[in-house]
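Okay, here's what each chain looks like letter by letter:
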Amino acid sequence: MKLVKEKLIDGDGKRRDGRTFDMLRPIKIDAGPLKNADGSAYIEWGNNKIMVGVYGPRELQQKHLQEPDRAIVQVQYTMASFSVEDRKKPGQGRRENEISKILSEALEGVIISDQYPRTAINVFIEVLEAGAGTRCAGLTAASVALADAGIPMRGLVASCAAGKIDGQVVLDLDKLEDNIGDADLPVGIIPTTGEIVLLQMDGHLSDLEFEKAFGLARDACMKIHELQREALSRKYFNEGESPKEDEPDGEVTS
Ligand code: ADP
């Protein structure tokens, strides 16, 4: 029997959830929901629900891991067993270790770590519900949690994926689009400088498609950056009032 591939974009250019090619799923960010962490953030992005807690900078107990001139950044990305439809095997798998590593590297390039020699900054990303794009949502929330912890950064990191479905380049793939689509391109940037801190690609894109997908993701990161700033403003400033332009994103004081 021949399998018919489900269509992801209809004749009017609409995706199954009604989005056009350049639309994000709904995003909500809350800064500082946890009392016991040094910094925290909660994000809902489409079906994703992710809590991030930050501890540190704290002196590293394992002396052999200490860096004499900087803090090390340790990200632990974990998916709860109940985060997906079929119960996920508990514990860290290969995928979670890989995502933890690439997110550690992304954040290491952003945190001004030489202010905290011999210490560790721990970022725990707990995926409570997963619906594709969790690494981007996790990185976006981690950056807000680090700002909430008062850790100096060269800017907030905003992250979003674009990809290809039904032969078309689109922004922010949902679960089915990710599962049966042709390509996925997660991007993380510092919107205030344009610097790229995360770039991965799963699947195949031509040069032209890559440029279009990257452009869509980069533009979306600018919008996500606004949501990050608003979340921090709600906690640290009066509702609606933004941090002053010359105030670095990461140096929010309570
Ligand atoms: P991302 O969440 O960053 O897009 P992937 O592309 O690896 O990362 O995963 C896409 C989606 O596949 C996840 O968001 C999740 O919904 C689902 N998924 C990932 N790992 C598992 C797993 N072990 N069991 C069930 N679903 C999973």
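**As for the site of the ligand**
Taken together, Met79, Val84, Lys88, Arg95, Ala130, Gly131, Ala132, Gly133, Thr134, Arg135, Lys175 and Asp178 form the complete shell of residues around the ligand. In the model, an oxygen atom of the ligand is placed 2.7 Å from a nitrogen or oxygen of the Arg95 side chain. The contact in question runs from an oxygen atom of the ligand to an N or O atom on the side chain of Arg135, over 2.8 Å. Under a 2 Å grid-point criterion requiring more than half of the atoms, the pocket assigned to the ligand is the largest pocket. Broken down by secondary-structure element, the contributors of at least two residues to the shell around the ligand are α2 (134-148) and α3 (175-180).

**Overview of the confidence of the model for the protein**
With 92% of its residues at a pLDDT of 70 or more, the protein shows a mean pLDDT of 92. Below a pLDDT of 50 lies the segment residues 250-254, which in the model reaches twelve contacts outside its immediate sequence neighbourhood of four places, other chains included.

**Things to note about the packing of aromatic side chains**
Counted by the stated rule, this structure contains two aromatic pairs. A ring pair is formed by Phe210 and Phe214, whose centres lie 6.2 Å apart and whose planes are at 10°; its orientation type is stacked. Highlighted residues: Phe210 and Phe214, both in helix α4 (residues 207-236), separated by four residues, approximately one helical turn. Above the face of the Phe21 ring, Lys212 is positioned so that its terminal group lies 5.1 Å from the ring centre.

**Focus on the layout of surface pockets**
Of the pockets and cavities examined, the largest pocket occupies roughly 470 Å³. Forming the walls of the largest pocket are 25 residues, and the residues nearest its centre are Arg95, Ala132, Gly133, Arg135 and Asp178. Listing elements by their share of the lining of the largest pocket, those giving two or more residues are α1 (94-108), α2, α3 and β8 (183-190). Split into classes, the residues belonging to the lining of the largest pocket amount to ten nonpolar, four polar and eleven charged. One number sums up the size of the second largest pocket: a volume of about 160 Å³. As for the second largest pocket, its lining consists of Asn47, Ser83, Val84, Glu85, Glu129, Ala130, Gly131 and Lys175. Residue classes in the lining of the second largest pocket are distributed as two nonpolar, three polar and three charged.

**So, the packing of α2 against α4**
Look at α2 against α4: their axes get within 11 Å of each other, and the N-to-C directions meet at 30°. With respect to α4, the axis of α2 lies roughly parallel. Here α2 and α4 pass one another in a crossing that is right-handed. Of α4, the residues touching α2 (which contributes Thr140, Ser143, Val144, Ala147 and Asp148) are Ile224, Gln228, Leu232, Lys235 and Tyr236. Its residues assigned to classes, the contact of α2 with α4 shows five nonpolar, three polar and two charged.

**Considerations on the packing of α1 against α2**
Remark: α1 packs on α2, axes separated minimally by 11 Å, with the N-to-C direction vectors making an angle of 45°. Regarding the angle of α1 to α2, the classification is oblique. Considering how the two elements wind past one another, α1 and α2 form a crossing that is right-handed. Only Thr134, Arg135, Leu139, Ala142 and Leu146 of α2 make contact with α1, whose side of the interface consists of Arg95, Glu98, Ile99, Ile102, Leu103, Ala106 and Leu107. Looking at the contact of α1 with α2 residue by residue, the class counts come to eight nonpolar, one polar and three charged.

**Side note on the sheet that holds strand β4 (residues 72-79)**
Across the sheet, five strands lie side by side as β1-β2-β3-β5-β4; this open sheet has mixed pairing. Of all strands in the sheet, those bounded by a partner on one side alone are β1 (27-31) and β4. Sheet twist, expressed as the mean angle between neighbouring strand axes with direction ignored, is 15°. Looking at chain direction, strand β3 (residues 48-59) and strand β5 (residues 119-129) are connected through nine bridges and run antiparallel. For Tyr55, the partnering residue across the bridge sits in β5 and is Asn122.

Here is what the cut-offs are and how they apply
- Residues numbered from 1 in each chain as written.
- Predicted model: local features only at pLDDT ≥ 70, side-chain atom pairs only at ≥ 80, totals over all residues.
- Heavy atoms only, no water.
- Near = heavy atom within 4 Å.
- Polar contact = N/O pair within 3.5 Å; in protein donor to acceptor, adjacent residues only side chain to side chain.
- 1 Å grid on protein atoms, 1.4 Å probe; cavity = no way out; pocket = protein on both sides within 12 Å on 5 of 7 lines; lining within 4 Å.
- Sits in = over half its atoms within 2 Å of the grid points.
- Helix = DSSP H or I, 4+ residues; strand = E, 2+ residues; numbered from the N terminus.
- pLDDT = per-residue confidence, 0-100.
- Contact = heavy atoms within 4.5 Å.
- Phe/Tyr/Trp six-rings, centres within 6.5 Å; stacked < 30°, edge-to-face > 60°.
- Lys NZ or Arg CZ within 6 Å of the ring centre and 35° of its normal.
- Points joined across faces, edges and corners; volume = space filled by probe spheres on them.
- Nonpolar A, V, L, I, M, F, W, Y, C, P; charged D, E, K, R; others polar.
- Axes fitted to C-alpha atoms, helices over the stretch in contact; angles between N-to-C directions.
- Parallel < 35°, antiparallel > 145°, perpendicular 65-115°, else oblique.
- Left-handed = near helix turned anticlockwise from the far one by under 90°.
- Pairing = 2+ DSSP bridges.

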